[in-house]
Amino acid sequence: METSKEREFKMTPSVKREIIKIIDERIREAYITREDFSELKNIVRELAEAQKRTEQRVEELAEAQRNSEQRLTRLEVVVSELAEAQKRTEQRVEELAQAQKRTEEELRRLVVEHSKTREQVGGLSMTVGYILENEAMRALPGLLEEEFGLKVEGRLVRKFLTDIEGNPMEVNIVGEARKNGERFLIVGESKSQLSKGRVDEFLEKKLDRLPKPGDVQIFPVLVTHMITAPDVVDYALSKGIKRVYYSYEFGK
């Protein structure tokens, strides 16, 4: 006969089924199936691959960083070299500026000396011209009388005449002469080297500017050491110059 305790702990079929159900659920919650394990392995493999790729990427970044640092180092070297080159260039520019300054000073000195030389040459040329004029003024009276029958009255001189506009005009050789009662005005100029241009200059600047008095005839002459071309004398004569005298004729 069952005791009261046995009757108290005796499970009914329904209770037993409920207990089994609860136990099965707990086992399922704690149990990993083969599929779950395979999925977990795949996840771990993917994580390992991702980790590997991450490490590879990190290495690539590290290599890129090293390359960047190397390029930066080379760039710093280039910048330093450019700075040195710029410094040398600036120094060279300064040297050239100083050289240019010395050149300009030397050029100014040469210009001053050249100006002085020109003044000296000009003075020498004037001296030579005056000497030629002086010789001509002493020799021409005799030559003019001998060749043209002109008798110079007084002396040939260097003087100013009044031009057609009433302005003073310096003439190298001036003097009055007579021939058979006719009056002549000797007007001459001396040129160390006589050219056609100098002939034209004498005509334009001296003879053409002289008044033309009716009772006095202009008798133009030129005096020179030498001519610049074989036909200069013929050209002068064709322009109305009465005679071209060479300096060597003064010693006759």
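What counts, and at which threshold
- Residues numbered from 1 in each chain as written.
- Predicted model: local features only at pLDDT ≥ 70, side-chain atom pairs only at ≥ 80, totals over all residues.
- Heavy atoms only, no water.
- Buried < 20%, exposed > 50% of the residue type's maximum accessible area, 1.4 Å probe, protein only.
- Helix = DSSP H or I, 4+ residues; strand = E, 2+ residues; numbered from the N terminus.
- Arc of directions from axis to C-beta.
- Salt bridge = Lys/Arg side-chain N within 4 Å of Asp/Glu carboxyl O.
- Polar contact = N/O pair within 3.5 Å; in protein donor to acceptor, adjacent residues only side chain to side chain.
- Contact = heavy atoms within 4.5 Å.

Asks: Quick rundown of helix α4 (residues 196–205)? Include the residues and the values.
Replies: All buried positions along α4 are accounted for by Val199, Phe202 and Leu203. For α4, the arc enclosing every buried residue in end-on projection is 95 degrees, short of the 170-degree limit, so these residues lie on one face.

Asks: With reference to specific residues and values, describe the pattern of salt bridges.
Replies: On inspection of all chains with the given rule, the structure shows 15 salt bridges. Ionic pairing is found between Lys191 and Glu189, a salt bridge with its closest N-O pair at 3.0 Å. According to the relative accessible area criterion, Glu189 is buried, its value standing at 6%. Glu249 serves as the salt-bridge partner of Arg243, at 2.9 Å between the closest nitrogen and oxygen. With respect to class, Arg243 is no different from Glu249; both count as buried. A network of salt bridges, in which partner residues are shared, links Glu59, Glu63 and Arg66.

Asks: Can you explain the side chain of Asp163? Please cite residues and give values.
Replies: Tracing the chain through its elements places Asp163 in the loop between β1 (151–162) and β2 (168–179). What makes Asp163 buried here is its relative accessible area of 3%. Separated by 2.9 Å, the side chain of Asp163 and the backbone nitrogen of Glu165 make a polar contact. For Asp163, the side chain forms a polar contact with the side chain of Arg209, separated by 2.5 Å.

Asks: Before we move on, could you go through the environment of Lys206 and cite the residues and values that matter?
Replies: Counting through the fold element by element, Lys206 comes out in the loop between α4 and β4 (216–227). A relative accessible area of 14% places Lys206 in the buried class. For the pair formed by Lys206 and Leu161, sequence separation is 45 residues and the distance between their alpha carbons is 9.6 Å. Sequence-distant contacts of Lys206, defined by excluding residues within four places in its chain, comprise Met169, Glu170, Glu189 and Glu201.

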